[in-house]
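Each chain, letter by letter, is given below.
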Amino acid sequence: MIEAIPKHQPPTLESDRQLESKGLQSDEMDIKKIAHALMNGTSYLLVTHFHPDGDAIGALLALQAVLKGMGKKVISFCEDGVPPTFRFLEGAQEVLNDIERIPQLDTVTLVFLDCGSIDRCGKSLAKLLNVTNSIINIDHHVQEKPFGDIFWVKSSASSTCEMLFDIFCFMNIPFTPVVSTCLYTGILTDTGSFQFSNTSRRVLEIAASLAGFGADPHKIAQQVFESSSPQKLLLLGKVLDTLRYHRNYSIATARLTKKMFTETGATIHDGEGFVNMLRQVATVQVAVLFREEENGLIHVGLRSKGSIDVAKFARKFGGGGHVNASACRVKESIENVEATIVSSLEAYLNEIVNISEGKQ
């Protein structure tokens, strides 16, 4: 159990008893390796995935603040930049989104945060790899073959920010209000405001500790959930016009097209979270949002309830993610992608029902 701890005196993870009580015994070696690499390097290039969410940005800015506090040289990069929703986090203005603006660094350590695969960082990746001395990978997505010279991949973690909390504890890093706010934001968003199945007792205890260290739950929630642009609601209206139900209302689908963005003046960031709204319907077991991208690909966002594993489903189409939240990309017209995904999902859900009823 994580107890109330005075500021700047975070819990340590050094003893076996503490590690075991926190369910981290098997992760001790990975945490030690990453902590050693973070403490002994001099220059770091931090990277997270394109279309970043709160966990990606929270992790990026929390580690940026910690490393700078240790006197390290730090550059943070995200190909799509920081979404407006998360620009209230301190250090957000320092994140680069133009690969050409990254200065030359000697013996730089490249740290991937919240990236299920290297290509999740976008087209600029090749140039990033060319300037690195070693690679650290910290992530909570399922990775069959984790990449990096040093990695800690824990799919049972609620978020990458939860994992950073454990790493910072091990390093005896002071949990300043800035660091605590970034970590709390990542945990809040990746647990769906503590509603998703990845919300464990320990996650709530960590969140309480971060609030004790200076994170303001009300302020953060207001910034994340009540700071939408006027264009976002206009965009949502058009998306809901495309809402369709399938398989006796157990599957809900909707489309988000490039034309909708043009007509409303909305940005790509305004479309975040729409797929979660589709899952709110009582009968819906799987929600799907089909979003057109500039490169001709269709991004397929999937959300599910209970034990329905949409990550397993997404892997059939080259994607992945978590049990209840995953995605894939398909190069085809949005009409054809929707027809294929819906048909496959119906078969997938029927298969799950048959297995549960002992028919297979």
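Each remark here, short or long, concerns the structure printed above.
Below you will find a few notes about this structure. (Residues numbered from 1 in each chain as written. Predicted model: local features only at pLDDT ≥ 70, side-chain atom pairs only at ≥ 80, totals over all residues. Heavy atoms only, no water.)

So, on to the environment of phenylalanine 165. Considering the arrangement of structural elements, one finds phenylalanine 165 in helix 5 (residues 160-170). Judged by its relative accessible area of 1%, phenylalanine 165 is buried. With 10 residues separating them along the chain, phenylalanine 165 and phenylalanine 175 place their C-alpha atoms 9.0 Å apart. (Helix = DSSP H or I, 4+ residues; strand = E, 2+ residues; numbered from the N terminus. Buried < 20%, exposed > 50% of the residue type's maximum accessible area, 1.4 Å probe, protein only.)

It is worth spelling out unusual backbone geometry at this point. Positive phi outside glycine occurs at aspartate 114, with the angle close to 65°. Looking at where aspartate 114 falls in the secondary structure, it is placed in the loop between strand 3 (108-113) and helix 4 (125-130). Its relative accessible area of 1% is what places aspartate 114 among the buried residues. The phi dihedral of phenylalanine 194 is positive, around 65°, even though this residue is not glycine. Tracing the sequence through the fold places phenylalanine 194 in the loop between helix 6 (177-190) and helix 7 (201-212).

Attention shifts here to the pattern of salt bridges. Per the counting criterion, the structure on display carries 12 salt bridges. The shortest N-O distance in the salt bridge between glutamate 28 and lysine 32 comes to 3.2 Å. Placement of the pair is glutamate 28 and lysine 32 together in helix 2 (residues 28-40), with a separation of 4 residues, close to one helical turn. Residue classification places lysine 32 among the partly exposed residues on the basis of a relative accessible area of 36%. (Salt bridge = Lys/Arg side-chain N within 4 Å of Asp/Glu carboxyl O.)

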